[in-house]
Amino acid sequence: MIIDSHCHIPLISDDKSDQARIVQNATDAGVSHMLCVSVDLQTFEDVLFCAKNYPQVSASVGVHPTYVAGNLASVDDIATLAEDPNVIAVGETGLDFYQPNFDAERQEQQFRNHVRCARSINKPLIVHCRNSAGCLLKVLKEEGASKVGGVMHCFVEDWDTAKAAMDLGFYISFSGILTFKNAMDLQEVSKKIPLDRILVETDSPWLSPVPLRGKTNQPANVIHTLKFLADLREEDERFVADQTTENFNNLFGL
Ligand SMILES: [Zn+2]
């Protein structure tokens, strides 16, 4: 059994019969569960629809860090939507200082709201970190994120950042980026992380792993990232699948 810890099914397709096929593809590939991640509050209903319709799909609620136009999501906005029993996490949230003209101040404010919400409803965080590790770790520390923990999703940072996040009780999740030829540094980092702190994900529809690069990604493809990770670490694939599944269940209380 393998779990895709981070996907965006409504962004792969908004067609309901396509979505059914996507979930079935995953099941056929041995992917037993998927966490469908929210990117803003307006489209949260689409995420919730998937979780309500398929027992193997769970939902999160949150606003992606690059979405800071208009009103910022408040602690209450997020907490109200998180009351649905299908919601197991808060996010994705975090800081993204990669895009030009990013608004660091507004991103940080909205990120703090997510951490406060996660603490108030006692659910783990899904954290997106791009070109922002120093500031992001500072916010997690200041807001007491270690009380709920979470996952550093689509991890591409260095060992020091991984270590600091793990010290705060966070798990490290690897996407298809791990399989890319130019990801040697990341591959080295992934070898050093204790297996009981690792998750795998697709971040579909983006970041298809080798050998599917360039195609639209889907949860079934997480098996390629998992196999690559197991080979890299010289560990048994089944063992890595079982352990990452157990890690997911431990973190999200399933
Ligand atoms: Zn994502």
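Scroll up for the structure.
Residues numbered from 1 in each chain as written. Predicted model: local features only at pLDDT ≥ 70, side-chain atom pairs only at ≥ 80, totals over all residues.

(A) Layout of the environment of T244. In this fold, T244 is placed in helix α10 (residues 237-252). Overall, T244 belongs to the buried group, with 28 C-beta atoms counted inside 10 Å. Counting along the chain gives 243 residues from T244 to M1, while the straight-line C-alpha distance between them is 9.3 Å. Not counting chain neighbours up to four residues away, the residues in contact with T244 comprise I3, I198, L199 and V200. (Helix = DSSP H or I, 4+ residues; strand = E, 2+ residues; numbered from the N terminus. Buried ≥ 20, exposed ≤ 12 C-beta atoms within 10 Å, placed from the backbone. Contact = placed C-beta atoms within 7 Å.)

(B) How the structure looks around the environment of P65. Within the secondary structure, P65 is located in the loop between β3 (57-61) and α4 (75-81). Setting aside residues no more than four positions away along its own chain, P65 makes contact with T93, G94, L95, D96, Q107, F111 and H128.

(C) The sheet that holds strand β7 (residues 170-174), seen in detail. Taken in spatial order, the eight strands of this open sheet run β1-β2-β3-β4-β5-β6-β7-β8, and their pairing is parallel. Looking along the sheet, the strands with just one partner apiece sit at the ends: β1 (2-7) and β8 (198-200). Here the average twist between neighbouring strands, direction ignored, is 30°. Bridge count for β7 against β8 is three bridges, and the pairing is parallel. Its bridge partner lying in β8, I172 is registered against I198. Helix α7 (residues 159-167) contacts β6 (150-152) and β7 of the sheet and is inclined by roughly 135° relative to β7. (Pairing = 2+ DSSP bridges. Axes fitted to C-alpha atoms, helices over the stretch in contact; angles between N-to-C directions.)

(D) Examining the pairing of strand β5 (residues 125-130) more closely. Along β5, five of the six residues are buried, which leaves the element largely enclosed by surrounding structure. Pairing geometry for strand β4 (residues 87-96) and β5, over five bridges, is parallel. If you follow T93 over to β5, its bridge partner there is V127. This β-α-β element, β4 to helix α5 (residues 104-121) to β5, shows right-handed connectivity. Bridge count between β5 and β6: three bridges; the pairing is parallel. (Right-handed = clockwise from strand over helix to strand, strands pointing away.)

(E) Examining helix α9 (residues 222-233) more closely. Along its 12 residues, α9 runs 17 Å from first to last C-alpha, staying within 8% of the 16 Å computed at 1.5 Å per residue. When α9 is considered as a whole, its buried residues turn out to be V222, I223, H224, T225, L226, F228 and L229. Elements in contact with the buried residues of α9: β1, β2 (31-36), β7, α8 (184-192), β8 and α10. Among the residues trailing α9, E234 stands out with phi positive, at a value near 55°. (Expected span 1.5 Å × (residues − 1).)

(F) Representation of the pairing of β2 in the model. The buried count for β2 comes to five of six residues, which makes it a mostly enclosed element. Here β1 pairs with β2 via four bridges, running parallel. Residue I2 lies in a different strand from β2, and its bridge partner there is V31. The sheet contact formed by β2 and β3 spans three bridges and is parallel. Across the sheet, M34 pairs through a bridge with V57, a residue of β3.

(G) Molecular detail of the packing of α8 against α9. At their nearest, the axes of α8 and α9 sit 9 Å apart, and the two run at 70° to each other. Between α8 and α9, the angle falls in the class roughly perpendicular. Within the contact between the two elements, α8 uses Q187, S190 and K191 and α9 uses L229, L232 and R233. Here the contact of α8 with α9 is composed, by residue class, of two nonpolar, two polar and two charged. (Parallel < 35°, antiparallel > 145°, perpendicular 65-115°, else oblique. Nonpolar A, V, L, I, M, F, W, Y, C, P; charged D, E, K, R; others polar.)

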